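Examination of the molecular architecture
Each chain is listed here by its residues.
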Amino acid sequence: MTQESERGMGIMLNKTLAAPLVALALVTVGLAGCATYDTAGARPAGQDPAVTEETVDDTTQDDAVGDVVPLAVVESAVGATEDQDWYWYAVVVDNPNPDHIFPDATFTIEAIAADGTILASDSHWKVLLSGQTALVGWFTDIGDEQIAHLDVIGPEPSEAVHSPAGETGYVSFDDLEVVEDEWYVTVSGTVTSEFSDDQEYVEVAVIGRDATGAIVAAEYGYVDRVPAGGSARFSVDVWDAPAGLEYEVFASY
């Protein structure tokens, strides 16, 4: 792959592997409208694994605004912790535009019951680059309710900003390692920046997949600062993760 084709992609690892590049960008513009993405393939823990989908609320590539293709939710999953009190979720969003980014993207993730009731919601604010980004979080107020699927509300194509792939900054992951113990799995490694400015509060999202490829665990953490042209260590503890998973790592700002 070229550097440009790897922008925004997740990094698959099982134990210790080298990694391709994941891009970040520092741009700020105003927020416009939002679009809703349906992710009805998600299932609570104990039911069938989440189904990979690529659905974007009644829009297709032919409906792109100008040269910008709408974002797509390519995969989602949700599962309960062992005591069933909290639910983790993971949503993989794809920006298929090689030379456009969404510098002030707001996402709302809604937990939907079988009867359509919104049980809870969570929000993300991202610099969304070309390629895939993982939105990972928790619902802590579901109680005894069951989540049937997730709805994702995100930015419209009109919010995109032209950013040539060859001019957009990126970071790379190295020395990736997975360590399992009785309580949780620790995914760690090194983030190296190719930006001309320091990157602060960089989010690292971790997704764990079973042998079928289904997402069965997810967590996130932060790196306080990645210096310009330098490196920083990251470490994310994934709770209630089964043994022997493969992990993907995503970085976002």
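Note that the coordinates shown come from a computational prediction; the quantities given were computed from them, not determined experimentally.

Here's the deal with the overall build of the protein
Along the backbone of the protein there are zero helices and 16 strands. Looking at the protein as a whole, 52% of its 253 residues qualify as buried. For the protein, the proportion of contacts with a sequence separation of at least 24, taken over those separated by at least 6, is 69%. With an accessible surface of roughly 11300 Å², the protein has 46% of that area assigned to carbon and sulfur atoms.

Some remarks on the sheet that holds strand β4 (residues 72-80)
Strand order in this open sheet of three strands is β4-β5-β8, and the pairing throughout is antiparallel. Whereas interior strands pair on both sides, the edge strands pair on one side only; in this sheet they are β4 and β8 (131-139). Averaged over all pairs of adjacent strands, the angle between strand axes in this sheet comes to 15 degrees, irrespective of strand direction.

Comments concerning the environment of W86
Along the chain, W86 falls in the loop between β4 and β5 (87-95). For the pair W86 and I142, spaced 56 residues apart in sequence, the C-alpha separation works out to 7.1 Å. In this structure W86 touches G79, A80, T81, W138, F139 and T140, once residues within four positions along its chain are discounted.

Definitions and cut-offs
- Residues numbered from 1 in each chain as written.
- Predicted model: local features only at pLDDT ≥ 70, side-chain atom pairs only at ≥ 80, totals over all residues.
- Heavy atoms only, no water.
- Helix = DSSP H or I, 4+ residues; strand = E, 2+ residues; numbered from the N terminus.
- Buried < 20%, exposed > 50% of the residue type's maximum accessible area, 1.4 Å probe, protein only.
- Contact = heavy atoms within 4.5 Å.
- Areas by Shrake-Rupley, 256 points an atom, 1.4 Å probe, with all protein chains shown as cover.
- Pairing = 2+ DSSP bridges.
- Axes fitted to C-alpha atoms, helices over the stretch in contact; angles between N-to-C directions.

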